[in-house]
Amino acid sequence: MPELPEVETIARALRRAVVGRTLTRFYGYTEKLRQPLDAATINRSVKNRSIVAVARRAKFIVLTLDHGGAVVIHLGMTGSLRIDKSPRRAHDHAVFALDHGEKLVYNDPRKFGLIKFCPTDAELKILLGKLAVEPLAAAFTPAYLAAKNARAATPIKTQIMKQEIVVGVGNIYASEALHRAGVAPERPAKSLTAAETAALVAAIKDVLKESIKHGGTTISDYRQLSGREGNFTRRLRVYDRAGLDCRHCGGKIRKITQAGRSTYFCEKCQV
Ligand SMILES: [Zn+2]
């Protein structure tokens, strides 16, 4: 599932590729992704409008159009975007035709994604306005996380993945950040010291920035806009490395299950 660095990587590439382009037509080839896909309405709304900005909020990609309104795309579990002129492939569910003859194609085998047109800022706000703080924003501070942790008996790994606390930190980067911060994933959130909380907030920001720099992490489906895999995969320190040596201390990486998700950690480095 794409997490924040993967979506940010796609948004940045999309910004370079489509800002200034005009949408000539929208084609929908499925009735429903996560929500019903109303292709006729989207086509009427976006046709002959140009894209003036591309932004990311949490894991939503927002294409702002001239004269107001925006297209919002969420990749769900297995969604990907590409720009090309190639014939339709399996699981291509939507196509935005562009004025220079290329197409922005949405592909999604499991169809948990979302494509929605928001005609006004108010409607965009209904979709995005309630989202919690961005992990890379200045507002995500040790004091902020400490306040959320204060009475929480939840394991810290589950805690930092709660989207109502901070958006976009998923399973891969939660494990990676905890390893960097030296904090064991099963620790109750409220047991972290001020120094540990500060180290964890810094580690979350660092690992996300580093992954964005390397084009994100590919475990299964994720591809960059270019079709290439993310290059951060080989830099993972614990995720998907059960039984392998810890790159820091040489100890063995362990795998456990927390809240139904796999957690990877080093018993020696993380206390
Ligand atoms: Zn270690």
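Residues numbered from 1 in each chain as written. Predicted model: local features only at pLDDT ≥ 70, side-chain atom pairs only at ≥ 80, totals over all residues. Heavy atoms only, no water.

Colleague: Looking at this structure, how should I read the overall build of the protein?
Modeller: Helix and strand content of the protein: seven helices and ten strands. Taken over the C-alpha trace, the protein has a radius of gyration of 20 Å; the compact-globule value for 271 residues is 18 Å, and the two agree within 12%. Taking the principal axes of the C-alpha coordinates as reference, the protein spans close to 55 × 35 × 30 Å. For the protein, the proportion of its 271 residues judged to be buried stands at 52%. Accessible area of the protein: about 12300 Å², with a carbon and sulfur share of 51%. Both charge centroids of the protein, one from 45 positive and one from 25 negative side chains, sit 1 Å from each other. (Helix = DSSP H or I, 4+ residues; strand = E, 2+ residues; numbered from the N terminus. Rg over C-alpha atoms; globule rule 2.2 N^0.38 Å. Buried < 20%, exposed > 50% of the residue type's maximum accessible area, 1.4 Å probe, protein only. Areas by Shrake-Rupley, 256 points an atom, 1.4 Å probe, with all protein chains shown as cover. Lys, Arg positive; Asp, Glu negative; His and termini not counted. Charge placed at Lys NZ, Arg CZ, Asp CG, Glu CD.)

Colleague: Please explain the nonpolar core as it appears in this structure.
Modeller: For soluble globular proteins, the rule of thumb is that nonpolar side chains tend to be buried together. Of all hydrophobic cores here, the largest spans 34 residues; its most connected members are Phe140, Leu145, Ile156, Ile160, Leu200 and Ile204. At the level of secondary structure, the elements contributing two or more residues to this core comprise α5 (156–160), α6 (171–181), α7 (194–213) and β10 (261–266). In contact with Ile160, not counting residues within four places along its chain, are Leu145, Val166, Val169, Ala174, Leu178, Leu200 and Ile204. One finds Ala11, Leu33, Leu63 and Leu104 within the second-largest nonpolar core, a separate group that totals 31 residues. (Core = buried A, V, L, I, M, F, W, Y, C linked by side-chain atoms within 4.5 Å. Contact = heavy atoms within 4.5 Å.)

Colleague: So what exactly am I meant to see when it comes to the packing of α6 against α7 here?
Modeller: For any two helices packed against each other, one specifies the crossing angle of their axes together with the interaxial distance. Between α6 and α7, the shortest axis-to-axis distance is 8 Å and the interhelical angle comes to 125°. In terms of their interaxial angle, α6 and α7 are classed as oblique. The interaxial crossing formed by α6 with α7 has right-handed handedness. On the side of α6, the interface is formed by Tyr173, Glu176, Ala177, Leu178, Arg180 and Ala181, while α7 contributes Ala199, Leu200, Ala203, Ile204, Asp206, Val207, Leu208, Glu210 and Ser211. Here the contact of α6 with α7 is composed, by residue class, of ten nonpolar, one polar and four charged. (Axes fitted to C-alpha atoms, helices over the stretch in contact; angles between N-to-C directions. Parallel < 35°, antiparallel > 145°, perpendicular 65-115°, else oblique. Left-handed = near helix turned anticlockwise from the far one by under 90°. Nonpolar A, V, L, I, M, F, W, Y, C, P; charged D, E, K, R; others polar.)

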